[in-house]
Amino acid sequence: MGGTEQEFVKQAFDTNWVAPLGPNVDGFEGDLQHYTGSAHAAALSSGTAGIHLALIMLDVQPGDYVICQSLTFSATANPIAYLGAIPVFIDSEPQTWNMSPTALETALKKLTAKGQKPKAILPVHLYGMPAMMPEIMAIAEKYDVPIVEDAAEALGSEINGRRCGTFGKLSILSFNGNKIITTSGGGALLSDDEAMIQKARFLATQARDPAPHYQHSHIGYNYRMSNVLAGIGRGQMQVLPERISQRRANFDFYNQLLENVQGIRFLPEPQGFFSNRWLTTILVDPNKTGGTTREDIRLALEAQNIESRPLWKPMHLQPVFQHYPYYGGTVAEKLFDNGLCLPSGSNMTDADRQRVARVLRQMF
Ligand SMILES: *Cc1c(COP(=O)(O)O)cnc(C)c1O
């Protein structure tokens, strides 16, 4: 926490706005709009709820196809399944580790030729690194399929000065406990389309038609963010730039420590890209490290009670999703095999970083 969160929460208590709406919700939405440059924002109970609502907005029905980045956290793909739609998974490209524009185009070509035009494309900015949005957007436009941008891990990241959260027809953010800023749990849906955000707010508050009694002509959801948690969000927005600096400092530390080690690679920012470096990740090539694998490093850290984690396991390899269509090669799979997320918290002290460094120095 940054320090001012409690004041906003106290205001909620003092004014008795302990409800899924109120001045902190309005204020937090305004902060998000101002920061990202998106015209409209709806604060929600989670990022997953945001993806669910975005797909509903785009009229995703049972049996429809939705294209989704394979290398991601399962929350990107789960809402496709909630709606009974069919996910079509896409491989990564090596430059950002996100959705491969080439594999995306192959998928769109094949699906449209079969009369299975997808309802949406779901790219992700994994670990804070923006996906190749200019290329992905050009292909999406060519095939006339809207983008739902999963910016859950990328608040503060940008491409040529344009912030993540503004590239999709609809975009989502997450404020889960592990993200770069948090409301303990929460998310947001962003769009320049005011009617869509209004409809999302309506559906997120149980879809109550205007009437003195409870009247419903749509299935609703209970997906709004509470005014108490939005207070935490307002305080967190004040420290977001500092959080980004802290995360980027972690990256610089590990990069300097390991840049001369054979077989360890970091993910550089492509020209014009800015990553919030939510997590610092490395690729380990055992053919060049003299046999040391990603798993050797993870276990050596674990032996010192330091948690690290392999990169996210691609969705097309997950038992629950492996029977769905997949386009691409083995980029995502190799990233999973050789990639490691290093300890990356904003609150890591110099002593913490030195503790990690001692283990890594001993190995190399
Ligand atoms: C965290 C995360 C989500 C889900 O957000 P929640 O707020 O936890 O529901 C979705 N996609 C990605 C890539 C995430 O990392």
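Position numbers for residues count from 1 along each chain, tracking the sequence in the order it is written. Note on the predicted model: pLDDT of at least 70 is required for a residue's local features to be given, and 80 or more for side-chain atom pairs to be given and counted; whole-chain, interface and lining totals, by contrast, use all residues. Heavy atoms from the whole structure form the basis of all side-chain values; hydrogens and water molecules are not counted.

Peer 1: I'd like a rundown of the overall build of the chain, residues and numbers included.
Peer 2: Helical segments are the DSSP runs of H or I of at least four residues, strand segments are the runs of E of at least two, and each set is numbered from the N terminus. What the chain contains, in helices and strands, is 11 helices and 15 strands. Scaling as 2.2 N^0.38, a compact globule of 364 residues should have a C-alpha radius of gyration of about 21 Å, and the chain matches this with 21 Å. Across its three principal directions, the C-alpha atoms of the chain cover 70 × 60 × 35 Å. Each residue is placed in one exposure class: buried if its accessible area under a 1.4 Å probe, protein chains only, is under 20% of its type's maximum, exposed if it is over 50%, and partly exposed if it falls in between. By the burial criterion, 55% of the 364 residues in the chain qualify as buried. Total accessible area on the chain stands at roughly 15,700 Å², and carbon and sulfur atoms take up 50% of it. Positive and negative side-chain charges in the chain, numbering 31 and 35 respectively, have mean positions lying 3 Å apart. Radius of gyration means the value over C-alpha atoms here, while the globule rule gives 2.2 Å times the residue count to the 0.38 power. Residue exposure ignores everything except the shown protein chains as possible cover, and the areas themselves are Shrake-Rupley values with a 1.4 Å probe. The sign given to each residue is positive for Lys and Arg and negative for Asp and Glu; His and the chain ends receive no count. Charge positions are represented by NZ for Lys, CZ for Arg, CG for Asp and CD for Glu.

Peer 1: Describe the pattern of salt bridges, and please don't skip the residues or the numbers.
Peer 2: Whenever a carboxyl oxygen of Asp or Glu lies within 4 Å of a side-chain nitrogen of Lys or Arg, that contact is scored as a salt bridge. Tallying each qualifying case throughout the model produces 17 salt bridges. Salt-bridge contacts for Asp 285 lead to Lys 288; the nearest nitrogen and oxygen are separated by 4.0 Å. Relative accessible area serves as the criterion here: at 52%, Lys 288 is assigned to the exposed category. Arg 353 is the salt-bridge partner of Asp 350, the closest N and O atoms lying 3.1 Å from each other. One end of the pair, Asp 350, and the other, Arg 353, are both in helix α11 (residues 350-363), 3 residues apart, so they sit about a helical turn from each other. Under the relative-accessibility criterion, Asp 350 is labelled exposed at 57%. Owing to a relative accessible area of 13%, Arg 353 belongs among the buried residues under this scheme.

Peer 1: Mind laying out the domain arrangement of the chain, listing which residues take part and the relevant values?
Peer 2: Taken domain by domain, the chain comprises domain 1 (5-239) and domain 2 (241-363). Two residues form a contact once any of their heavy atoms are found within 4.5 Å. If you look at the interface, domain 1 gives 46 residues, while domain 2 gives 37 residues. Buried area: the sum, over both parts, of the accessible surface (1.4 Å probe) that disappears when the two are put together. Between domain 1 and domain 2 the total buried area reaches about 3,700 Å² when both faces are included, carbon and sulfur atoms providing 67% of it. Of all residues in domain 1, Trp 97, Tyr 127 and Ile 180 give up the largest surface area on contact with domain 2, accounting jointly for 23% of the area buried on that side. At the boundary of domain 1 and domain 2, one finds 0 salt bridges. Under this definition, polar contacts are N or O atom pairs within 3.5 Å; protein pairs additionally need one hydrogen-donor-capable and one acceptor-capable atom, and for neighbouring residues in sequence, both atoms have to be side-chain atoms. For the pair domain 1 and domain 2, the number of links is 22 residue pairs in polar contact (both at pLDDT 80 or more). Here the bounds of each domain stem from an automatic or database domain assignment.

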